[in-house]
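# Fold and contact review
Below, each chain spelled out in residue letters.
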Amino acid sequence: MLLLGIETSCDETAAAVVENGRKILSNVVSSQIDIHARFGGVVPEVASRQHVSAVIPVIDEALRLADTHWEGLSAIAVTHGPGLAGSLLVGVSTAKAISFAKGLPLVGVNHLEAHIYANWLGEEEPCFPLLCLIVSGGHTDLILMKGHGDYTLLGNTRDDAAGEAFDKAARILGLGYPGGPAIEKAARGAETCLKLPRAWLKDTADFSFSGLKTALLRLAETGETGNIPKAAAGFQEAVVEVLVKKTVDAATTHKVKQILLSGGVAANSFLRQQMAASAPVPVLAPPPSLCTDNAAMVAACGYRRFQAGHIHNTGLDVIPSLTLV
Ligand code: KG4
Ligand code: ZN
């Protein structure tokens, strides 16, 4: 069974064709990073306009690379939240039009759930119960997953998301946008780490990163971040240490079989290494290109929803603040 996935929730216009929720036949991502970089972050109105001009060529390319046509598809899956309202509208309106014109069932997908399902696109199929750490530009969620669609939120961020913290820290250090890859790259050249505080928030699986960002800003103001690699490595180490400790503690408490990493920050190789080195159970993470926004994960997630009978058709609407649990 082939599903077309469409993703336009933020600044990537993406389309993909996936077989049985696991095998990628095509995965096209048109990034707007260069356009937004000069503003230091995503400009919502600019993002919507870019999606409008890119979405049809990206879908055509995904079908072409998968060597299929509309007739070969069983359904269309599209991200309908959470995300930027104008950006989501482009993907959802396009998917609704195709669904109506081609008579294809339409499945609305939660972007966060799609990030989790990027882990089903690898060779090894995840096994339940598992713990999933979603770390993206908008979310830092620790979720217990006992089966498909069965989620319990154990903890989340009380202020900045992990990716947001990376982006803000990069701006403080003058490293540009997006901040995560820039910090990771700069940190590779470090011989020592700048000492920065960690917010442990004892006896909870919640996170907080805004104090760390402020601490970095104060040091930048007094000129103590002059050694950029040292500052970047110190920041990265502080974020990763808290993410790893809280995830490992929750994995032990809830006796899970596996830990899954997902979301853009899961592309960070220091996080991946540290988690694998400390975890009491195997750690799975998608390849970096499937950690950041893409439509293969949307098709993979849409496949499960479709199998479970969740079909929206043309009544589907965008929900910018959609939650998972
Ligand atoms: O999942 P994603 O592509 O979009 C959202 O759903 O938010 O995540 C984007 C976030 C950005 O904050 C970006 O700086 C961060 O993921 N990111 C990284 C890395 N690559 C992307 N953070 C740390 N290290 C990376 N290598
Ligand atoms: Zn995302």
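Scroll up to find the structure.
Now for a quick tour of the structure.

The rules behind each value
- Counting of residues starts from 1 at the beginning of each chain's written sequence and follows it residue by residue.
- Written order determines the labels here, with chains lettered from A and ligands numbered from 1.
- pLDDT decides what is reported in this predicted model: residues at 70 or higher carry local features, side-chain atom pairs at 80 or more are listed and counted, and totals for whole chains, interfaces and linings draw on all residues regardless.
- Only hydrogens and water are removed before side-chain values are computed, so all heavy atoms of the structure are retained for them.
- Secondary structure elements are defined from DSSP: runs of H or I of at least 4 residues count as helices, runs of E of at least 2 residues count as strands, and each element is numbered from the N terminus.
- Each radius of gyration reported is based on C-alpha atoms, and the globular scaling rule is 2.2 Å times the count of residues to the power 0.38.
- Accessibility here uses a 1.4 Å probe with only protein chains present; expressed as a share of the type maximum, an area under 20% marks a residue as buried, one over 50% as exposed, and anything in between as partly exposed.
- In this analysis, two residues are considered to be in contact whenever any of their non-hydrogen atoms come within 4.5 Å of each other.
- Each accessible area is a Shrake-Rupley result for a 1.4 Å probe, and residues are judged covered by the shown protein chains and nothing else.
- Two strands are said to pair when DSSP picks up at least two bridges between them.
- Lines fitted to C-alpha atoms define the axes, with helix axes restricted to the stretch in contact, and inter-axis angles between N-to-C directions lie between 0 and 180 degrees.
- Note on terminology: near, applied to a residue and a molecule or strand, indicates that one of the residue's heavy atoms is within 4 Å of it.
- Two N or O atoms count as a polar contact when they lie within 3.5 Å, although within protein this holds only if one can serve as hydrogen donor and the other as acceptor, and sequence-adjacent residues are included solely when both atoms are side-chain atoms.
- Roughly parallel means an angle under 35 degrees; roughly antiparallel means over 145; roughly perpendicular covers 65 to 115; every other angle is labelled oblique.
- Each residue gets one of three labels, nonpolar for Ala, Val, Leu, Ile, Met, Phe, Trp, Tyr, Cys and Pro, charged for Asp, Glu, Lys and Arg, and polar for the others, Gly among them.

## Thoughts on the overall build of the chain
Within the chain, the regular secondary structure consists of 11 helices and 10 strands. Taken over C-alpha atoms, the radius of gyration comes to 20 Å for the chain, in line with the 20 Å a tight globule of 325 residues would show. A principal-axis box enclosing the C-alpha atoms of the chain has dimensions of 60 × 45 × 30 Å. Buried positions account for 51% of the 325 residues belonging to the chain. Look at the contacts in the chain between residues 6 or more apart in sequence, and 73% of them connect residues 24 or more apart. Surface exposure of the chain reaches about 13,500 Å², of which carbon and sulfur atoms provide 53%.

## Here we look at the sheet that holds strand β2 (residues 12-19)
Here we have 5 strands laid out as an open sheet, ordered β3-β2-β1-β4-β5, and mixed in their pairing. With one partner strand each, in any of the chains shown, β3 (23-31) and β5 (106-110) form the two edges of the open sheet. Between one strand axis and the next, the sheet turns through 20° on average, direction left out of account. In the packing of helix α2 (residues 44-65) onto the sheet, the strands contacted are β1 (2-7), β2 and β3, and the crossing angle to β2 comes to about 25°. This element, helix α11 (residues 296-307), spans β1, β2, β3, β4 (75-81) and β5 of the sheet and lies at about 125° to β1.

## Thoughts on the site of ligand 1
Around ligand 1 there are 20 residues in total, and G137, D167, G180, E184 and G264 lie nearest to it. The separation between a nitrogen atom of ligand 1 and a polar side-chain atom of E184 is 2.7 Å. Its free accessible area being 560 Å², ligand 1 has 87% of it covered by the protein chains. Among the elements of the structure, α4 (111-117), α5 (162-172) and α6 (179-187) are those that each provide at least two residues to the shell around ligand 1. For the shell around ligand 1, the leading source of residues is α6, giving 4 residues.

## Structural notes on the packing of α5 against helix α8 (residues 228-253)
At a closest axis distance of 11 Å, the pairing of α5 and α8 adopts a crossing angle of 170°. Looking at the two axes, α5 sits roughly antiparallel to α8. Where α5 approaches α8, its residues A162, A165, F166 and A169 are matched on the opposing element by F235, Q236, V239 and L243. Taken together, the residues of the contact of α5 with α8 sort by class into 7 nonpolar, 1 polar and no charged.

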